[in-house]
Amino acid sequence: MLAEGLEKSGAFMGSTDDYRRASVVILGAPLDLTVSFRPGTRFAPAQIRQVSVGLEEYSPALERDLVDYAYYDAGDIVLPPGRVQESLGRIGAAVATILADGKFPLLLGGEHLITLPVVEALFRCYPDLAVVHLDAHADLREEYLNERLSHATVMRRVVEILGAQNVFQLGIRSGTREEFSYGRANTHFFPGEILRPLTQIRTKLKSRPLYLTLDIDVLDPAYAPGTGTPEPGGCTPQEVFQALYLLADCRVVGMDLVEVCPVYDPTERTSLLAAKIVREAILCFGQGK
């Protein structure tokens, strides 16, 4: 059971205090060390929790209510400043505990590099794991500024773990020429859109354990300005919700929501959108009481 190395300051709306009863565990991973443009993702988990109380617990789209689900907010992992490897190790260890307890990890970033230790932990449990990656950026660089561990390289590292044929990248609209060439030649690479390709690949994914990594900047900055590397031309909130609904009857075994950067959105609409995505994810992937 989770215990040491966590700090709590508030909880996501409606979460239970009983870890044992919960099917979903919300875990903050406020890593903010390798961002390439605007820092501040470390503030996201607390902000998403804080604004969640502005939402209803009932989802009209799903006709489900959080009151019927048991989910636990474990708080944030305490991460040592400036120590990337140690931070990744702590994230991986916490996720491994959640998995050993038979629960669904739902991580709140933090920057996108948090996906790497989560995938490593899941891969030990599910050797046939596939990753569905919703993002504006390919994140396929071999290195960034001579660093192999970066939010700009995270999916390249994931490919090295799972094999490129097990990585499905949707919504990508930014990257280097080399990243786009690599993605098109190696991963399942669907630039610029998420729903049409997800509908096409859903059948082949349905029987496999899936991990969903959702970078908030897959959305157009008109809807989600509070992110470190905004990229115009993205999808709408409704498209993201529909993507969750398409995956609801698949075997999703974990998820992260990353790259929310509250300091660049005084309206709080990015954090509110993130909180609603978390609500819909719990209702899609969690188990009722």
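Look up: the structure comes first, before these words.
We now turn to the structure provided with this report. Since the model is a prediction, treat every value here as computed from it, not as a measurement.

Let us look at helix H6 (residues 195–205). For H6, every residue scored as buried is listed here: Pro197, Leu198, Ile201 and Leu205. For H6, the arc enclosing every buried residue in end-on projection is 90°, short of the 170-degree limit, so these residues lie on one face. Its buried side turned inward, H6 meets strand E7 (130–134), strand E8 (167–172), strand E9 (188–191), strand E10 (209–215) and helix H7 (237–247).

Let's shift gears to a nonpolar patch on the surface. A cluster of nonpolar side chains, namely Phe43, Val263 and Tyr264, defines an oily patch on the protein surface of about 270 Å² accessible area. Inspection of the secondary structure puts Tyr264 in the loop between strand E11 (251–258) and helix H8 (269–285). Its relative accessible area of 33% is what places Tyr264 among the partly exposed residues.

Remark: helix H1 (residues 44–52) packs on H8, axes separated minimally by 8 Å, with the N-to-C direction vectors making an angle of 80°. For the element pair H1 / H8, the angle class is roughly perpendicular. Contact residues: Gln47, Ile48, Val51 and Ser52 in H1; Ser271, Leu272, Ala274 and Ala275 in H8. In terms of residue class, the contact of H1 with H8 is built from 5 nonpolar, 3 polar and no charged.

What follows concerns helix H4 (residues 154–162). Counting buried positions along H4 gives 7 out of 9 residues, so the element sits mostly inside the fold. Within the span of H4, buried status applies to Val154, Met155, Arg156, Arg157, Val158, Val159 and Leu162. On its buried side, H4 packs onto helix H3 (115–125), E7, E8 and helix H5 (177–185). The first or second residue beyond H4 is Gly163, which carries a positive phi of 90°.

Moving on to the packing of aromatic side chains. Tallying each qualifying case throughout the model produces 3 aromatic pairs. With 5.3 Å between their ring centres and 85° between their planes, Tyr19 and Tyr72 make a pair best called edge-to-face. Separated by 53 residues along the polypeptide, Tyr19 in the loop between strand E1 (6–7) and strand E2 (24–29) and Tyr72 in strand E5 (residues 71–77) bring together distant segments of the chain. Accessibility assignment for this pair places Tyr19 and Tyr72 in one class, buried. On the basis of an interplanar angle of 20° and a centroid distance of 5.9 Å, the ring pair of Phe104 and Phe285 is categorised as stacked. Highlighted residues: Phe104 in strand E6 (residues 104–109) and Phe285 in helix H8, separated in sequence by 181 residues. A relative accessible area of 7% means that Phe104 is categorised as buried. Of the residues examined, Phe285 reaches a relative accessible area of 10% and is grouped as buried.

This next bit is on the environment of Ser52. With respect to the element layout, Ser52 can be found in helix H1. Using a relative accessible area of 0% as the deciding quantity, one classes Ser52 as buried. When the C-alpha positions of Ser52 and Asp215 are compared, they lie 18 Å apart, and in sequence the two are 163 residues distant. Dropping the residues within four chain positions of it, Ser52 is found in contact with Ala11, Phe12, Met13 and Ala275.

Moving on: the sheet that holds E10. The 9 strands lie next to each other as E1-E5-E2-E6-E11-E10-E7-E8-E9, forming an open sheet whose pairing is mixed. On the outer flanks of this sheet lie E1 and E9, each paired with one strand and no other. Note: E8 against E9, 4 bridges, orientation parallel. Counted as the bridge partner of Ile172 is Pro191 from E9. Lying on the sheet, helix H2 (residues 84–100) is in contact with E2, E5 and E6; it crosses E6 at an angle near 150°. Sitting on the sheet, H7 touches E7, E10 and E11, and the angle it makes with E10 is about 170°.

Basis of the calculations
- Residues numbered from 1 in each chain as written.
- Predicted model: local features only at pLDDT ≥ 70, side-chain atom pairs only at ≥ 80, totals over all residues.
- Heavy atoms only, no water.
- Buried < 20%, exposed > 50% of the residue type's maximum accessible area, 1.4 Å probe, protein only.
- Helix = DSSP H or I, 4+ residues; strand = E, 2+ residues; numbered from the N terminus.
- Arc of directions from axis to C-beta.
- Contact = heavy atoms within 4.5 Å.
- Patch = residues over 30% accessible without salt bridge, like charges linked within 9 Å, V, L, I, M, F, W, Y side chains within 5 Å.
- Areas by Shrake-Rupley, 256 points an atom, 1.4 Å probe, with all protein chains shown as cover.
- Salt bridge = Lys/Arg side-chain N within 4 Å of Asp/Glu carboxyl O.
- Axes fitted to C-alpha atoms, helices over the stretch in contact; angles between N-to-C directions.
- Parallel < 35°, antiparallel > 145°, perpendicular 65-115°, else oblique.
- Nonpolar A, V, L, I, M, F, W, Y, C, P; charged D, E, K, R; others polar.
- Phe/Tyr/Trp six-rings, centres within 6.5 Å; stacked < 30°, edge-to-face > 60°.
- Pairing = 2+ DSSP bridges.

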